[in-house]
Amino acid sequence: MKYGYFDDPNREYVITTPETPLPWINYLGNDGFYGLISNTAGGYDFYRDAKLRRITRFRYNNVPNDFGGRMYYIKDGDTVWSPAFLPAGTALDSYECRHGMGYTTFTSVKNSVEAKLTAFVPLGDSCELNMLDLVNNSGETKELTVFSCIEWCLWNAVDDANNYQRNLSIGELEVIGSTIYHKTEYRERRNHYAFFTVNTDVAGFDTDRDTFLGARRFWNDPVVVENGKSGDSVASGWYPIASHSIKVKLAPGEKKSFIFQLGYVEVDRDKKWESKGVINKAPAKALIEKYNSEAACDKAFADLAAYWSNLLSIYHLESGNDKLNRMVNIWHQYQCMVTFNMSRSASYWETGTGRGMGFRDSCQDLLGFMHLVPDRARARIIDIASIQFENGSTYHQYQPLTKRGNADIGGGFNDDPLWLVACTCAYIRETGDFTILDHPTPFNNVEGSEKPLLEHLRRSVNFTINNKGPHGLPLIGRADWNDCLNLNCFSYEPGESFQTFGPSEGPVAESVFIAGMFVKYGLEYADLCDHIGLADEAATIRNEVNNVKTATEQFGWDGEWFVRAYDANGNKVGSDECEEGKIFIEPQGFCTMAGIGQEKGYGRKALDSVKKYLVNDYGVEILAPCYTTYHVELGEISSYPPGYKENGAIFTHNNPWVSVAATVIGDGDMAFDIYKRSCPAFLEDVSEIHRTEPYVYSQMIAGRSAPRYGEAKNSFLTGTAAWAFVDISQAILGITPTLDGLSVKPCLPADLDDYTVTRRYRGCEYHIHVLKDPAKKGLYVDGTATEGNLIPINDASEIEVEYYI
Ligand code: BGC
Ligand code: NOJ
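Parameters and conventions
- Residues numbered from 1 in each chain as written.
- Chains lettered and ligands numbered in written order.
- Predicted model: local features only at pLDDT ≥ 70, side-chain atom pairs only at ≥ 80, totals over all residues.
- Heavy atoms only, no water.
- Buried < 20%, exposed > 50% of the residue type's maximum accessible area, 1.4 Å probe, protein only.
- Helix = DSSP H or I, 4+ residues; strand = E, 2+ residues; numbered from the N terminus.
- Pairing = 2+ DSSP bridges.
- Salt bridge = Lys/Arg side-chain N within 4 Å of Asp/Glu carboxyl O.
- Near = heavy atom within 4 Å.
- Polar contact = N/O pair within 3.5 Å; in protein donor to acceptor, adjacent residues only side chain to side chain.
- 1 Å grid on protein atoms, 1.4 Å probe; cavity = no way out; pocket = protein on both sides within 12 Å on 5 of 7 lines; lining within 4 Å.
- Sits in = over half its atoms within 2 Å of the grid points.
- Nonpolar A, V, L, I, M, F, W, Y, C, P; charged D, E, K, R; others polar.
- Axes fitted to C-alpha atoms, helices over the stretch in contact; angles between N-to-C directions.
- Parallel < 35°, antiparallel > 145°, perpendicular 65-115°, else oblique.
- Left-handed = near helix turned anticlockwise from the far one by under 90°.
- Contact = heavy atoms within 4.5 Å.
- Areas by Shrake-Rupley, 256 points an atom, 1.4 Å probe, with all protein chains shown as cover.

## Some words on the pairing of strand S44 (residues 798-804)
Walk down a regular strand and you will see the side chains alternate between the two sheet faces.
Link 1 in the chain: The buried fraction of S44 is high, at five of seven residues.
Link 2 in the chain: The pairing of strand S41 (residues 778-781) with S44 spans four bridges and is antiparallel. Bridge pairing in S44 places Leu 779 opposite Tyr 803.

## Looking at the pattern of salt bridges
Link 1 in the chain: One pass over the structure, following the stated rule, counts 60 salt bridges.
Link 2 in the chain: A salt bridge links Lys 713 to Glu 711, with the nearest nitrogen and oxygen atoms 3.9 Å apart.
Link 3 in the chain: For Lys 713, a relative accessible area of 27% translates into the label partly exposed.
Link 4 in the chain: The exposure class assigned to Glu 711 is buried, which follows from its relative accessible area of 6%.
Link 5 in the chain: One salt-bridge network, held together by shared partners, links Arg 57, Arg 59, Glu 151, Asp 160 and Arg 209.

## So, the site of ligand 1
Link 1 in the chain: The environment of ligand 1 is formed by Arg 355, Asp 483, Cys 484, Gln 499, Glu 636, Tyr 640, Lys 645, Glu 646, Phe 651 and Gln 699.
Link 2 in the chain: Residue Asp 483 places a side-chain N or O atom 2.5 Å away from an oxygen atom belonging to ligand 1.
Link 3 in the chain: Contact distances for ligand 1 include 2.6 Å between an oxygen atom and a side-chain N or O atom of Glu 646.
Link 4 in the chain: For ligand 1, the cavity whose grid points lie within 2 Å of the majority of its atoms is the second largest pocket.
Link 5 in the chain: Residues that form the shell around ligand 1 fall into these classes: three nonpolar, two polar and five charged.

## Notes on the packing of helix H12 (residues 512-531) against helix H14 (residues 585-593)
Link 1 in the chain: Put simply, H12 and H14 touch, their axes get as near as 8 Å, and they point 20 degrees apart. Regarding the angle of H12 to H14, the classification is roughly parallel. Here H12 runs over H14; the crossing is left-handed. Counting all contacts with H12, which are made through Val 512, Phe 513, Gly 516, Met 517, Lys 520 and Tyr 521, the residues of H14 involved are Glu 586, Pro 587, Phe 590, Cys 591 and Met 593.
Link 2 in the chain: In terms of residue class, the contact of H12 with H14 is made up of eight nonpolar, one polar and two charged.

## Some points on the site of ligand 2
Link 1 in the chain: Inspection of the region around ligand 2 gives Arg 344, Arg 355, Arg 360, Asp 361, Trp 481, Asn 482, Asp 483, Glu 646, Phe 651 and Gln 699 as its neighbouring residues.
Link 2 in the chain: Take Arg 355: an N or O atom from its side chain is 2.7 Å from an oxygen atom of ligand 2.
Link 3 in the chain: Contact distances for ligand 2 include 2.8 Å between an oxygen atom and a side-chain N or O atom of Arg 360.
Link 4 in the chain: A total of 290 Å² of accessible area belongs to ligand 2 in isolation, and the protein chains cover 96% of it.
Link 5 in the chain: Of the pockets mapped on this structure, ligand 2 occupies the second largest pocket.

Written out as structure tokens, the structure reads:
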């Protein structure tokens, strides 16, 4: 069952009912000011950091779960309705929500009044615009009252939900004309405030929530709206909001438009005040002025569309498969932008109050983002590398506002350093910008500790070399990619963090997964060294890679698949010897990608075992059989009920590893099959089972052992976004950046043999046609048969390429 449809020419998903199984959301904003918006206009806004600069309030655990956000009420006689259905919740005569690239529109009709609400964040400015168009399609004049409302968050989202004894006394606002300024804490240390305005005279306003809602009322029927008249309240403490009321008279056929703007500004500390207690409004006024006309907003909206058209033309596929086209051309790349921006911080599942930017997460997100905005990718790599420690290990997370490592979680996740190698190599393959390696980059953000970025990569690689266990395999530390494999933790008390409890590190527990990573990324590092004239170092690293390869073949192979790890007692994890958790997906994917045991056919065997034990209707499960009891020596993984999360769900992030691995052993059918199983557009028809958005990946889909098999959770912020795009665009469709140029090497299923990819790469636009013609087999560059798979770097601005299979 579906709740909408894809509108590919407009790059939108169109939701046709407000009653989706869960709120289906979208992201607004690209570079600083962000909003989350659901298909009923719920959500929240923040500036840079969802924890430290939350602008509007959001209630997690809410019932129902999606009130708040942008609240608009239209009072038409006795009927009160909302263009996005909520908050009024009045049945609409028609409803449509379009989630597009950085914007969401709602079009709805009630009693012959049509409302169109468009929400977006204009490029380069710190505000969200809500354009509301009203059209009277009836034969009579309509006298409407429109109410707006947003609820302010008191900036720090954790304190906001926490420290009521203080919070309820600190709220402060100013109201000037149609603009409501939120200035809580500005009198003391803050130099930023927010405002909510509308480009018309208002009939009234409210800034005090209790006045607006009335006693014991809820957002669906505020007393002020019922009465058709604002209370003109100015909050002092308690719960500050911002609400306008506007009288709108519409003749038959008449249309009126309003622009609401939610803005955020920062003021130089020495210019904070206009006069005592009165904030300096100059920067707000400039922003208000800029977007107070329809023409200005339309232009900003068109600029946003042009921005996305340009980004999405960098990699563009034309194939006979609509679902594939829409994922590759639109939604994969869009989700990559969102994960780049958010890491795992703010979604409807991530509160934005916990994790900031994750080291491994952001490094992997970059893999799908490089081609979109390489400059931002470069800056991000430097930010990430700056939280690394001198010994090559690293903080696991950092806060986007401060960019400082997060001391609460600390370090000790031993896969982390290698992801830095992965993303930096990918950046250079995309851009050819070797100068990034020279960029002076600090350790742990300590001034004076700067070393060229190359030194950071070197220390990353050496960290693995210097931290091996009894079998010569890398030590796992607190956990590797699988945060729930806590082999050194041994926690018996509820509430202790599985990741950080106790020392959480040990000299015995080893990870076969990190071994796979080291082989793959160690070799990439060695290639890089060769390219910059460090042949000796390249040879040394290759030698180390060989050692780990040999150790993995010897101690990391279980007979039919790769072992997952060795625990702190030296026992195998993910082996036929185990009672539960006999086989794990991660090493099957990564060790096969790395080519470990290739000559011995390990990859084929491992993937056959994946098929046999892990593949289900919606993807590949993370392990089997699931843990049914708590294993203190394994940690959080065995804390989840069977079939959920790391205990046997389809943890979609690692599905592309298996798919890429299948291409490494030349099995295009398996690669594409695995790709399709968990791919959102291919699951749209079972949205009532899947339940999350059909246009983006969710982190997990419940596995066969779970009562709710097939149900997805944690949509949007997942490393799947980047890996799925790498998988389909590079491994399957075969258009892969290398240090020396673009390589064309598809690995295709039987039913995909005629497609074109347009790829802009290092200043040249490649038109690559992949066709079936066994007589011609191979690569033709501008008509000339070319040995191998590489189109060398060149000066041309456009190149025609044919690749015959
Ligand atoms: C989740 C993991 C997540 C980790 C972050 C665990 O509870 O299952 O998916 O990476 O928390 O700390
Ligand atoms: C989600 C985390 O963000 C990611 O870093 C981790 O690899 C996976 N969970 C698996 O545990």
